[in-house]
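Architecture and fold: a report
Here's the letter readout for the chains.
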Amino acid sequence: MPNEDPGTVLLAVGALFLLGLATEYIGRATALPRVTLLLFFGILLGQNMSDVLPASIENLFPQITEIALLLVGFLLGGKITFRDLGTNGKTVLWISLSVVLVTVPLVAGGLWLFGVPITLAVLLGGIATATDPAATTDVIRENNASGPFTDTLRGIVAIDDAWGLIVFSVILTVLQLGAEIDAPLDSLWHGIRELSGSVLLGVLVGIPMAYFTGRLKPGEPTLIEALGIVFFCGGLANYFQVSFLLSAMVLGCTVSNLAQHHERPFHAIEDIEWPFMILFFVLTGASLQLTNLETVLPLASMYIVFRISGRLLGTWPGAFITGADSNTRRWMGMAMLPQAGVASGMALLAGKAFPELHDTLLAVTIMATIVFELVGPIVTRISLRQVGDIPQTLINENR
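Predicted model, so just to flag it, every value in this text is computed and none were measured.

**Some words on the overall build of the protein**
For the protein, the helix and strand inventory stands at 17 helices and zero strands. Buried positions account for 55% of the 399 residues belonging to the protein. Once local pairs closer than 6 in sequence are excluded, the contacts in the protein between residues at least 24 apart make up 84%. Roughly 17400 Å² of accessible area belongs to the protein as shown, and the carbon and sulfur atoms make up 67% of that amount.

Okay, structure coming up:
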């Protein structure tokens, strides 16, 4: 956008917030989730279509992404309490692990059988484990969903990216060993360091936060307290080069379990999260590169089909082991389809290790992101409705 000035930027930000408000009404009239609508509008406003967003806003995408995911991670972690794990923790752990362990060989093996080179197939199998906790959480909140299925879904999307990162790090290390790349253990060490460091950081920041917050306003931390400590944790995560998303999850989990004097510990964060999420989803859509994707369309299509199969089939082993109900077995895999930022990060990391596959990995991941972020939230909503976790009043409004 030429002749960009501060007034133009403010006008654009204000318009995006109003667009976010409009998605509330459009969603009620069409039954489309806000996430899907915001991504669609982002594609229309981005460089691929009308190209009307100021460059300065698009350049802030990495910072907005980190802020949005910090808040999502913190709130997701806050849903994981020892009390809840006593009732559905076994189900959460086993299903999240089984989905990852089934998805990798199914995607990798399926692609290899259709002629995809083994290295590329296995890397895409590792990338397929990633999900999008931001989109899933927003669908739950938008529909006021509650119940055992919703609680289990929250727990799974809060930790399955951790399982995915572990498996992906191992995959990358094994492939580097096979390719005889120098220092192959560096990748494994990096994965171990990132995961353990993220957990340690979240605990170390969370312990004092649990004790000191909620004192100025008894029973509930103020917005300044909550944002200050969450952003502080995110900054430390970047400084020490560990996962800010996992650190924020552990931070929220630590506070929710140790802060006995908190009555509504995350109320302040919930009130400010949505404006950042509006910018995040719109800019995610605007940042998707749609050029030259047709060259990898067959590969991307196979990846999408096999990943969906992995989600669906991967739920069953964990559900069988834990004796989960039929709703969990039938619908949990469908509710976990959204995929976004973590997958892109995995693709970039794999592209650095295997430069000859860089463009293909990114193109497939981008195309899959478009599909899973546009369709995934819709399927998540359908799943929540089918298990009866969405209030009947909201279902009637969407008809």
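**Quick word on unusual backbone geometry**
A positive phi angle is found at Q241, which is not glycine, with a value near 55°. Mapped onto the elements, Q241 comes out in the loop between α10 (223-239) and α11 (244-258). Judged by its relative accessible area of 56%, Q241 falls in the exposed class.

**A closer look at the side chain of N257**
Relative to the helices and strands, N257 is located in helix α11. Separated by 2.7 Å, the side chain of N257 and the backbone oxygen of C253 make a polar contact.

**Topic: helix α7 (residues 133-142)**
Within α7, nine of the 10 residues are buried, which leaves the element mostly enclosed by the surrounding structure. Every buried residue of α7 is listed here: P133, A134, A135, T136, T137, D138, V139, I140 and E142.

**Let's talk about the packing of helix α13 (residues 297-322) against helix α16 (residues 358-386)**
Where α13 contacts α16, the axes come no closer than 9 Å and their chain directions differ by 55°. In terms of their interaxial angle, α13 and α16 are classed as oblique. Of the two possible hands of crossing, α13 and α16 adopt the one that is right-handed. Across the interface between the two elements, L297, L299, A300, Y303, I304, R307 and I308 of α13 pack against T360, V364, M367, A368, V371 and F372 of α16. Considering only residue class, the contact of α13 with α16 consists of 11 nonpolar, one polar and one charged.

**Focus on the packing of α7 against α16**
At their nearest, the axes of α7 and α16 sit 10 Å apart, and the two run at 45° to each other. Taken as axis vectors, α7 and α16 run oblique relative to one another. When you trace α7 past α16, the crossing you get is right-handed. Contacts between α7 and α16 pair A135, T136, V139, I140 and E142 from the former with E373, P377, T380, R381 and L384 from the latter. By residue class, the composition of the contact of α7 with α16 is five nonpolar, two polar and three charged.

**With respect to the pattern of salt bridges**
Tallied over the full model, the rule gives one salt bridge. Ionic pairing is found between R154 and D151, a salt bridge with its closest N-O pair at 3.6 Å. Linking R154 with D151, this pair stays in helix α8 (residues 148-178), spanning three residues, or about one helical turn.

**Notes on the nonpolar core**
Formed by 48 residues in total, the largest nonpolar core has its most connected members in A134, V230, L251, I269, M277, F280 and F281. The set of elements that each furnish at least two residues to this core consists of α1 (6-30), α2 (34-45), α4 (61-78), α7, α9 (185-212), α10, α11 and α12 (267-287). Of all the elements, α12 adds the most residues to this core, at 10 residues. Those residues within four positions of F280 in sequence are excluded, and the remaining contacts are F61, I64, T65, A68, L69 and A134. Within the second largest apolar cluster, 42 residues are counted, among which are V167, I171, L361 and A363.

**Describing the side chain of T103**
You can see T103 is positioned in helix α5 (residues 82-113). What makes T103 buried here is its relative accessible area of 0%. Within the local environment of T103, its side chain forms a polar contact with the backbone oxygen of V99, the two atoms lying 2.6 Å apart. Dropping the residues within four chain positions of it, T103 is found in contact with A128, T129, G310 and R311.

**Considerations on the environment of T254**
Residue placement: T254 occurs in helix α11. The spacing of T254 and M209 is 45 residues in sequence and 8.9 Å in space, taken between C-alpha atoms. Each residue touching T254, except ones within four places of it in the same chain, is listed here: G202, V203, G206 and I207. In this structure the side chain of T254 is engaged in a polar contact, spanning 2.7 Å, whose partner is the backbone oxygen of V250.

Procedures and definitions
- Residues numbered from 1 in each chain as written.
- Predicted model: local features only at pLDDT ≥ 70, side-chain atom pairs only at ≥ 80, totals over all residues.
- Heavy atoms only, no water.
- Helix = DSSP H or I, 4+ residues; strand = E, 2+ residues; numbered from the N terminus.
- Buried < 20%, exposed > 50% of the residue type's maximum accessible area, 1.4 Å probe, protein only.
- Contact = heavy atoms within 4.5 Å.
- Areas by Shrake-Rupley, 256 points an atom, 1.4 Å probe, with all protein chains shown as cover.
- Polar contact = N/O pair within 3.5 Å; in protein donor to acceptor, adjacent residues only side chain to side chain.
- Axes fitted to C-alpha atoms, helices over the stretch in contact; angles between N-to-C directions.
- Parallel < 35°, antiparallel > 145°, perpendicular 65-115°, else oblique.
- Left-handed = near helix turned anticlockwise from the far one by under 90°.
- Nonpolar A, V, L, I, M, F, W, Y, C, P; charged D, E, K, R; others polar.
- Salt bridge = Lys/Arg side-chain N within 4 Å of Asp/Glu carboxyl O.
- Core = buried A, V, L, I, M, F, W, Y, C linked by side-chain atoms within 4.5 Å.

Don't take any of this as a statement about function, it's just geometry.
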